[in-house]
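Residue strings, one per chain:
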Amino acid sequence: GENVEQHPSTLSVQEGDSAVIKCTYSDSASNYFPWYKQELGKRPQLIIDIRSNVGEKKDQRIAVTLNKTAKHFSLHITETQPEDSAVYFCAATPSGRLIFGQGTELSVKP
Amino acid sequence: GAVVSQHPSWVICKSGTSVKIECRSLDFQATTMFWYRQFPKQSLMLMATSNEGSKATYEQGVEKDKFLINHASLTLSTLTVTSAHPEDSSFYICSATHGTSGTYEQYFGPGTRLTVT
C-alpha cells in the first residue's frame, strides 16, 4: 500500500510548549518527506522537508526527524506561538507522487 | 520565485454543466503538475499527475472521463470537471514542480473552490 498515517488528528498546547506530530508511511521507496502548514481556505505552505539520506533537519523552531528503518518521521515545533495554530500535513512520495497524511489541527492557546 | 496561480479562485455552476480550472506556473517551467481535491476538514487527495505533452496519470478511483486534464505547455495545465454534480463541490488545488516527479519540491496554487448547485 501507499498509506501515510498521521497522529494526532488534533493537538492543543499552551503557548511556549512544544508540539510533536508523527507520521508513518508504508512504501519504503519514498525518499522525500515534506511538511506543510495550511490555514483555512489557503494553499499548503512548505515549512520543512527532509530526504531519506538525512536523519534530522532543523530550521529555527521547527525540526523534522526521519527513521527510515521504522518508516516514520516526526515534526517538532518548539516554543509554540498562537500564530502556529493551523492544520499541519505530512507527506511521503511513493512512486514519485506526493501522498498526504490526514492532517493535525494544532491549536496554540495564549 | 516559483509562483503558481489558479483561475478562477471560486466558481458556482449548475448541476450537469462543465467547469474548467486553470493552473499556471508564472515564473518557471513546470515539467510536472499535479491536481488535488480537498473536502472540508479533510486532507489533500491526489487526483492525477500531469506531464507536459502527454496524457495525465490518474489515481485509482478518479474518473478520467469526468476530470479531464490537459497539460498543453510547460506553464499551463487545465482541469475540466464535466457534468458536474453537487458531490463534486470541493476545493481543487494544483501544484507544479521543476522536476519530473513528486520527489521534487512542489509549489501550490491558491486553490479553486467549486460549488455545484
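Residues numbered from 1 in each chain as written. Chains lettered and ligands numbered in written order. Predicted model: local features only at pLDDT ≥ 70, side-chain atom pairs only at ≥ 80, totals over all residues. Heavy atoms only, no water.

**Student:** Which residues make up the pairing of strand E5 (residues 45–51) of chain A, and what are the values?
**Tutor:** Residue and element names in this part refer to chain A. With six bridges connecting them, strand E4 (residues 32–38) and E5 associate as antiparallel partners. Looking at the pairing, Tyr-32 lines up with Arg-51 of E5. In this structure, the hairpin formed by E4 and E5 is closed by a connection of six residues, where Gly-41 is found at a positive phi of approximately 75°. (Pairing = 2+ DSSP bridges. Helix = DSSP H or I, 4+ residues; strand = E, 2+ residues; numbered from the N terminus.)

**Student:** An account of the nonpolar core is needed here, citing residue identities and associated values.
**Tutor:** Counting residues in hydrophobic clusters, the biggest one holds 37 residues, and the most contacted among them are Trp35(A), Leu75(A) and Phe100(A). For this core, the element with the highest residue contribution is strand E9 (residues 86–92) of chain A, accounting for six residues. One finds Val4(B), Met33(B), Ala56(B) and Cys94(B) within the second-largest nonpolar core, a separate group that totals 25 residues. (Core = buried A, V, L, I, M, F, W, Y, C linked by side-chain atoms within 4.5 Å. Buried < 20%, exposed > 50% of the residue type's maximum accessible area, 1.4 Å probe, protein only.)

**Student:** Could you give me a rundown of the state of the cysteines, with the residues and numbers involved?
**Tutor:** Here the structure, examined in full by the defined rule, presents two disulfides over all chains. A sulfur-sulfur distance of 2.0 Å marks the disulfide that ties Cys23(A) to Cys90(A). In this structure the cystine formed by Cys23(A) and Cys90(A) twists about its S-S bond by roughly -100°; its chirality is therefore left-handed. Taken as a pair, Cys23(A) in strand E3 (residues 19–25) and Cys90(A) in strand E9 lie far apart in primary sequence, 67 residues in all. Each member of the pair, Cys23(A) together with Cys90(A), is buried. Across the disulfide from Cys23(B) sits Cys94(B); the S-S distance is 2.0 Å. Looking along the S-S bond of the Cys23(B)-Cys94(B) disulfide, the torsion reads about 80°, which is the right-handed sense. In this pair, Cys23(B) is assigned in strand E3 (residues 19–25) and Cys94(B) in strand E9 (residues 90–97), connecting sequence segments 71 residues apart. Relative accessible area serves as the criterion here: at 0%, Cys94(B) is assigned to the buried category. Free of any disulfide, Cys13(B) has its nearest neighbouring cysteine sulfur in Cys94(B), separated by 18 Å. (Disulfide = S-S within 2.5 Å.)

**Student:** Let's hear about the interface of chain A and chain B: which residues, and what values?
**Tutor:** Residue-level contacts link 20 residues of chain A with 22 residues of chain B. Of the roughly 1600 Å² buried at the junction of chain A and chain B (both faces included), carbon and sulfur atoms supply 53%. Scanning the region where chain A abuts chain B turns up one salt bridge. The residue Glu59(B) makes a salt bridge to Arg97(A) at a minimum N-O spacing of 2.5 Å. Those elements that place two or more of their residues in the side of chain A that touches chain B are E4, E5 and strand E10 (99–100) of chain A. Class assignment of the residues belonging to the side of chain A that touches chain B gives a composition of eight nonpolar, seven polar and five charged. (Contact = heavy atoms within 4.5 Å. Buried area = accessible area lost by both parts, 1.4 Å probe. Salt bridge = Lys/Arg side-chain N within 4 Å of Asp/Glu carboxyl O. Nonpolar A, V, L, I, M, F, W, Y, C, P; charged D, E, K, R; others polar.)

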